[in-house]
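Structural features, examined
Listed below are the residues making up each chain.
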Amino acid sequence: MTISPRVAIAIPAHNEAGLIGRCLAALDGQRDAGEFTVVVFANNCSDDTATIVAGFTGLALELIEADLPPDQRGAGFARRVAMAEAGRQGEIVLTTDADCIPDPNWIAAHRAAFAAGVDAVAGRVSADQAEMQRLPAHALAIGKIEWDYLTLLARAEMIFAAASHDPWPRHAQCCGANLGITSSMLTAVGGVPAIESGEDRALIGAVQAAGGRVRFDTAPHVTASARLTGRAQDGMAAALTARLGPDYRCDAQFRPVAELLEIWARGETMWTAAPPAIRLTPQELVQETEQLRALIEATHE
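Our subject in this report is the structure included herewith. Just so you know, these numbers come straight off a predicted model, no measurement behind them.

**So, helix α6 (residues 137–160)**
Along an α-helix, a turn takes 3.6 residues, which lines up residues three or four apart on a common side. With 24 residues, α6 extends 34 Å from end C-alpha to end C-alpha; this agrees with the ideal 34 Å at 1.5 Å per step. Considered for burial, the residues of α6 that qualify are Ala 139, Ile 142, Gly 143, Glu 146, Tyr 149, Leu 150, Leu 152, Leu 153, Ala 154, Ala 156 and Glu 157.

Structure follows, in structure tokens:
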């Protein structure tokens, strides 16, 4: 009889009384999930986050309450603590955010991805569409520009940086709201990098730099809040808020095509390469997207 690996889910939470209940309810309603436990790290909370978490008696759940020092209060440090504890409880460590709603098959989809022998899995994250519609048209337009680029990037990586363990269909997102890693690989890379933000990408970069196999799987999916006041310094809320301003520059993962080709030629990935010195404007990203599209089409002629 095959014994399924134990799964432990790490959720960092800072003053998430308003949203963590729906996240835990979604985990409580998982289908074909097998045995799993949830580790919630309630850090520096001044609201009822801990009380709400403790009320979910139907889940195998560990609640950790702690106050991190002022220089370690970023989401990255909290995820590091939460995932370290989850790594002691499960052979597969998943992580999401307190404001996210995992799909009913989220755990099962991650299990299926890991069954193929990979070391880490990056799942998809979508913003709550009802909440997104409250944003002005120009902010939504920027979102579409960035999404068009990401869609093409996922295809371009299949052509110029193909990996047998990461076949099509795949995507190009890397978000702490939907990641998984084996506990052995988490230990091998020294845990989640101890940084204030960007720990998700740094973790995947560390796995790839160590020779680990990362699957960018479309099946595991979560829906994230599109709130404008978030908890992470450089999280989704900060990005959405920045889109409202006139001087918005796109995320660091949106690189010029020439830079992408250089990265792939060196045998690097988006997550092992150094971040770009200058971020693109939305107008510049439109031009790069068309170049990326032309590059892909040229390979099929």
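**A closer look at the pairing of strand β7 (residues 179–182)**
With burial as the criterion, each face of β7 is covered, one bearing Leu 179 and Ile 181 and the other bearing Gly 180 and Thr 182. Where strand β6 (residues 120–127) and β7 come together, three bridges link them in antiparallel fashion. Following the sheet pairing, Ala 120 is matched in β7 by Ile 181.

**Details of the pattern of salt bridges**
Under the definition given, this model contains 16 salt bridges. Its salt-bridge partner being Lys 144, residue Asp 148 comes within 2.9 Å of it at the nearest N-O pair. A residue pair is termed a helical-turn pair when its members lie 3 or 4 positions apart in one helix, as Asp 148 and Lys 144 do in helix α6 at four residues. For Asp 148, a relative accessible area of 27% puts it in the partly exposed group. For Lys 144, a relative accessible area of 53% translates into the label exposed. What emerges from the salt-bridge pattern is a single network uniting Glu 157, Asp 166, Arg 170, Arg 215 and Asp 217.

**A short note on the sheet that holds strand β4 (residues 92–95)**
The eight strands are arranged β3-β2-β1-β4-β7-β6-β8-β5 in an open sheet whose pairing can be described as mixed. Each edge of the sheet is formed by a strand with only one pairing partner; in this case those strands are β3 (61–66) and β5 (100–102). Strand-to-strand twist of the sheet, defined as the mean angle between neighbouring strand axes without regard to direction, takes the value 25 degrees. Judged from the seven bridges that link them, strand β1 (residues 7–13) and strand β2 (residues 36–43) form a sheet pairing that is parallel.

**Quick notes on the environment of Pro 193**
Structurally, the position occupied by Pro 193 is in the loop between α7 (183–188) and α8 (199–209). Separated by 114 residues in sequence, Pro 193 and Arg 79 place their C-alpha atoms 9.3 Å apart.

What counts, and at which threshold
- Residues numbered from 1 in each chain as written.
- Predicted model: local features only at pLDDT ≥ 70, side-chain atom pairs only at ≥ 80, totals over all residues.
- Heavy atoms only, no water.
- Helix = DSSP H or I, 4+ residues; strand = E, 2+ residues; numbered from the N terminus.
- Expected span 1.5 Å × (residues − 1).
- Buried < 20%, exposed > 50% of the residue type's maximum accessible area, 1.4 Å probe, protein only.
- Pairing = 2+ DSSP bridges.
- Salt bridge = Lys/Arg side-chain N within 4 Å of Asp/Glu carboxyl O.
- Axes fitted to C-alpha atoms, helices over the stretch in contact; angles between N-to-C directions.

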